[in-house]
Amino acid sequence: MAKCVFCGREQDDYKGTFLMKNDGTINYYCSNKCQKNHLKLKRDRRKIKWTEAFYKARDKRITKERERVEKVRAKKAERSKDSDTGQKSAKKF
Ligand SMILES: [Zn+2]
């Protein structure tokens, strides 16, 4: 059971390559495609659509965006409440 460093896929059968670095870390690549993308082409796995890291980063981005939108909505609701009660807030245009 090894997890690919680049795409994040776990494989049971013996395929791919293990790369041992001088500092002791072991990188496992499930395929030559992953190895080339990481080492030769030096691509960022968060920007490649078929990797696990891409989906994680995308989910994070989406949740952040949702939180931001909700905050803006809450602020707008507060402002409309203030105007309903008759308290006029000084608006500068
Ligand atoms: Zn892989």
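Residues numbered from 1 in each chain as written. Predicted model: local features only at pLDDT ≥ 70, side-chain atom pairs only at ≥ 80, totals over all residues.

(A) Representation of the overall build of the protein chain in the model. Helix and strand counts for the protein chain come out as two helices and four strands. Taken from N to C terminus, the helices and strands of the protein chain fall in the order β-β-β-β-α-α. Buried positions account for 12% of the 93 residues belonging to the protein chain. (Helix = DSSP H or I, 4+ residues; strand = E, 2+ residues; numbered from the N terminus. Buried ≥ 20, exposed ≤ 12 C-beta atoms within 10 Å, placed from the backbone.)

(B) Up close: helix α1 (residues 32-40). Residues of α1 that are buried: Cys34, Gln35, Asn37 and His38. End-on, the buried residues of α1 take up no more than an arc of 170°, which puts them together on one face. Those residues of α1 that are exposed and aimed more than 90 degrees away from the buried face are Asn32, Lys33 and Lys40. Residues of α1 that are buried sit in contact with β3 (17-20) and β4 (26-29). (Arc of directions from axis to C-beta. Contact = placed C-beta atoms within 7 Å.)

(C) Spatial organisation of the pairing of β3. In this sheet, β4 lies alongside β3 in antiparallel orientation, the contact comprising four bridges. Within β4, the residue paired with Leu19 across the bridge is Asn27. Between the end of β3 and the start of β4, which pair antiparallel, lie five residues, with Gly24 showing a positive phi angle near 100°. (Pairing = 2+ DSSP bridges.)

(D) Representation of the environment of Phe6. Inspection of the secondary structure puts Phe6 in the loop between β1 (2-3) and β2 (10-11). Separated by 23 residues in the primary sequence, Phe6 and Tyr29 have C-alpha atoms spaced 6.9 Å apart. Leaving out residues up to four positions away in the same chain, Phe6 has contacts with Tyr29, Cys34, Asn37, His38, Arg45 and Thr51.

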